[in-house]
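As a plain string of letters, each chain reads:
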Amino acid sequence: ASEPCSRCPCASAKDMLKDKDKDKDGRKKIPKIFFGTRTHKQITQIAHELKRTVYSGVHMTILSSRDHTCVNADVAPHFNRNERCKDLLEAKDGRSCRYYHGVQRMREQHTLQWVHGLREAWDIEDLVTLGKRLRACSYYAARELMQGASVIFCPYNYLLDPMIRESMEIDLAGQILVLDEAHNIEDCARESASYTLELATLQSSRDELDGMVNSNIRRSKHEPLRDFCYVLINWIQESQELLSERGFESASKVWSGKDTLNIFHSLGITADTFSNMKQNLASVLEKEERVGVVNGKEDMVLVPTIGSSTATVLKNLFMVLDFLYRDNCRFAEDYRVALQRSYTWTNQVPPDVPDAQGFLVRPRARHRQNIRVKREVLTLSFWCLNPAVAFSDLSATVHSIVLTSGTLSPMASFSSELGVKFTIQLEANHVINKSQVWVGTVGAGPQGQKLCATFQHTETYTFQDEVGALLLHVCQVMSKGVLCFLPSYKMLDKLRMRWVDTGLWEKLEQKKTVVTEPRGGGKGDFDELLQTYYDAIKNCEGRDGALLIAVCRGKVSEGLDFTDDNARAVVTIGIPFPNIKDLQASKVC
């Protein structure tokens, strides 16, 4: 180029820019690019594509959870990694995380590229491998690398959820957002501005705040927060008489956002008192040192603060209230507040009972029988119905938003849903020639039976046998990989059971290796299952490829790359409508 570029980090410092576009040292501010995807798998694909371009050496980082990046063997195997990590960092039991103290070995872009060899676009597995080798925390290293990065990859709930943005220290002001697979943005935005908690969790938070007040620790700040919890708990308990039975051992009551604000006003929770509570929460979370006595000597000691669980409860409640009170309550009608009662069974160790002489005789651990106890569960939910609520945070501060997807049409309604006017829109042609792909509906099976995947029809053997015969026919005429998507795990289990009984499952397995998506399980198990599918297509030993039966909106339905032979045919059976008994679906539509 004859002139220096002015839109990326190679820009000349001599470009004429306004003072507001310069940092405190007088240098030009270059926006960072935050590239959001739905899953971590998609980040792997994007990093692979970036490596193939001339920008492969750009300074970058990938933000992800501890589930994907923790290298501490004392933390990584456990389900509560976040809590264990925070406890180690605070040295609560006298131990600290040695990996965290090694972050400085890999937290700078220059060191990463020229000392440790990650000169081209890398994936999260590359950073984890390096962290293990250097005995350094790859989770916090990825966050530190954000400072000098030009491109930051992350799941897009990291960008939409205000709580995650705060915890990850993501500042989007003046930055560029690229959101891939953006047809999922609406659901993600609604979830980001919603919150659900159990009464027991709220009571636990109240008890901790009560302890702070009774111990005279920042009493004037903790007391209003404790009183807020008391008010909310009392309202939940008093509202139980308003619950309507919804089915077996379940009851509920739903209020509009406006009605909820009126109720809160009668309880003393107003925009003004909420503003004061936000200031109190910020104060109690600050670390502060005071003079105290340690081992008989005066020394500086840290003032105790509330635990992470209580802080999370209050932050999430305040996040929802902030949206409800924002701009003179303009988002109030976009919320529904639900109180639900259900029951759960838990295992409980029976209490020790004294004998006739008053002695406690406790049996050995293996002889102690747990008893099943039914426990009432009260749940309070704040449901956001409008994706524009969470999106309003972004559109007001960012430099640019780019949404990309193969299925954004109709764009006018999509733009309206997000509350943002997109001045530049592009609808491109498909990369596949029309002669190479066929899309259509099949209304009847090989035996001429009508295929209608409503609940009443899917329960019949006629439908199950006919759709099985159709899938077998597809597998017989299509080589290599075939994908089949069903509306739910329940239907998957039902069809598999029927096809095993009729022998059709065996016929499918004679033609192709059959793999089914698991309902749960760990990431490693799922990856191993996918590899089985890929290998069966590649090797074709005795059978012609593989059939992968999965569920819409499940693990397989998005974020995975089924190129060429891995997906020569895709069969979708039915439509994944919401459960008619789901309270959120029935009350808000």
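Residues numbered from 1 in each chain as written. Predicted model: local features only at pLDDT ≥ 70, side-chain atom pairs only at ≥ 80, totals over all residues. Heavy atoms only, no water.

Examining the overall build of the chain
Alright, step 1. Within the chain, the regular secondary structure consists of 22 helices and 16 strands.
Alright, step 2. The proportion of buried residues among the 589 residues of the chain is 41%.
Alright, step 3. A total of about 34100 Å² of accessible surface is found on the chain, and carbon and sulfur atoms cover 49% of it. (Helix = DSSP H or I, 4+ residues; strand = E, 2+ residues; numbered from the N terminus. Buried < 20%, exposed > 50% of the residue type's maximum accessible area, 1.4 Å probe, protein only. Areas by Shrake-Rupley, 256 points an atom, 1.4 Å probe, with all protein chains shown as cover.)

Here's the deal with helix 3 (residues 81-89)
Alright, step 1. Among the residues making up helix 3, those that are buried are Arg81, Cys85 and Leu88. In an axial view of helix 3, the angular spread of the buried residues amounts to 65 degrees, which keeps them on one side of the axis.
Alright, step 2. In the stretch just after helix 3, Ala91 is the one whose phi turns positive, near 50 degrees. (Arc of directions from axis to C-beta.)

Here we look at the nonpolar core
Alright, step 1. Ile170, Leu202, Phe228, Leu317, Phe318, Phe391 and Leu403 are the most contacted members of the largest nonpolar core, which totals 91 residues.
Alright, step 2. In terms of residue count, helix 14 (residues 308-329) provides more of this core than any other element does, 11 residues in total.
Alright, step 3. Apart from residues lying up to four places away in sequence, Leu317 is in contact with Tyr195, Leu197, Leu202, Phe228, Leu232 and Phe382.
Alright, step 4. Judged by nonpolar contacts, the second largest core, of 26 residues, contains Leu470, Leu486, Leu547 and Ile573. (Core = buried A, V, L, I, M, F, W, Y, C linked by side-chain atoms within 4.5 Å. Contact = heavy atoms within 4.5 Å.)

What about the pattern of salt bridges?
Alright, step 1. Overall, the coordinates contain 21 salt bridges when judged by the stated rule.
Alright, step 2. In this structure, Asp393 engages Arg165 in a salt bridge whose closest nitrogen and oxygen atoms are separated by 3.3 Å. Within this pair, whereas Asp393 is found in helix 15 (residues 387-395), its partner Arg165 is found in helix 8 (residues 162-167), the two being separated by 228 residues in sequence. We note that Asp393, like Arg165, is buried.
Alright, step 3. Across the pair Lys374 and Glu249 runs a salt bridge whose closest N-O atoms are separated by 2.7 Å. Within this pair, whereas Lys374 is found in strand 11 (residues 371-384), its partner Glu249 is found in the loop between strand 6 (244-247) and strand 7 (250-256), the two being separated by 125 residues in sequence.
Alright, step 4. Given the relative accessible area of 38%, Lys374 is considered partly exposed. (Salt bridge = Lys/Arg side-chain N within 4 Å of Asp/Glu carboxyl O.)

A few points about unusual backbone geometry
Alright, step 1. The phi angle at Arg218 is positive, at roughly 45 degrees, despite the residue not being glycine.
Alright, step 2. Even without being glycine, Lys480 reaches a positive phi, approximately 65 degrees.
Alright, step 3. The exposure class of Lys480 is partly exposed, given its relative accessible area of 23%.

Topic: the sheet that holds strand 4 (residues 176-179)
Alright, step 1. Ordered by their spatial adjacency, five strands build an open sheet running 2-3-1-4-12, and the pairing between neighbours is parallel. Each edge of the open sheet carries a strand with a single partner, namely strand 2 (60-62) and strand 12 (400-403). In this sheet, adjacent strand axes meet at a mean angle of 15 degrees when their direction is disregarded. (Pairing = 2+ DSSP bridges. Axes fitted to C-alpha atoms, helices over the stretch in contact; angles between N-to-C directions.)

Things to note about the side chain of Thr37
Alright, step 1. Position of Thr37 relative to the elements: it lies in strand 1 (residues 33-37).
Alright, step 2. Residue classification places Thr37 among the buried positions, given a relative accessible area of 0%.
Alright, step 3. Apart from residues lying up to four places away in sequence, Thr37 is in contact with Gln42, Ile43, Ile46, Cys154, Pro155, Tyr156 and Asp180.

Topic: helix 16 (residues 411-418)
Alright, step 1. Buried within helix 16 we find Met411, Phe414, Ser415 and Leu418. Taken end-on, helix 16 shows its buried residues confined to a sector of 95 degrees, consistent with a single buried face. Exposed side of helix 16, more than 90 degrees from the buried face: Ala412 and Ser416 are the residues found there.
Alright, step 2. Where helix 16 is buried, its residues contact helix 9 (185-192), helix 15 and strand 12.

Considering the environment of Leu281
Alright, step 1. One can find Leu281 in helix 13 (residues 271-285).
Alright, step 2. Taking C-alpha positions, Leu281 is 10.0 Å from Ile306, a pair spaced 25 residues apart along the chain.
Alright, step 3. With residues near it in sequence (within four places) discarded, Leu281 still touches Leu225, Ile306, Leu314, Lys315 and Phe318.

Overview of the packing of helix 13 against helix 14
Alright, step 1. Between helix 13 and helix 14, the shortest axis-to-axis distance is 11 Å and the interhelical angle comes to 150 degrees. As judged from the angle between their axes, helix 13 and helix 14 are roughly antiparallel. Considering only the axes of helix 13 and helix 14, their crossing is left-handed. Here Ala271, Phe274, Met277, Lys278, Leu281 and Leu285 of helix 13 come into contact with helix 14, specifically with Ala311, Leu314, Lys315, Phe318, Leu321, Asp322 and Tyr325.
Alright, step 2. Its residues assigned to classes, the contact of helix 13 with helix 14 shows 10 nonpolar, no polar and three charged. (Parallel < 35°, antiparallel > 145°, perpendicular 65-115°, else oblique. Left-handed = near helix turned anticlockwise from the far one by under 90°. Nonpolar A, V, L, I, M, F, W, Y, C, P; charged D, E, K, R; others polar.)

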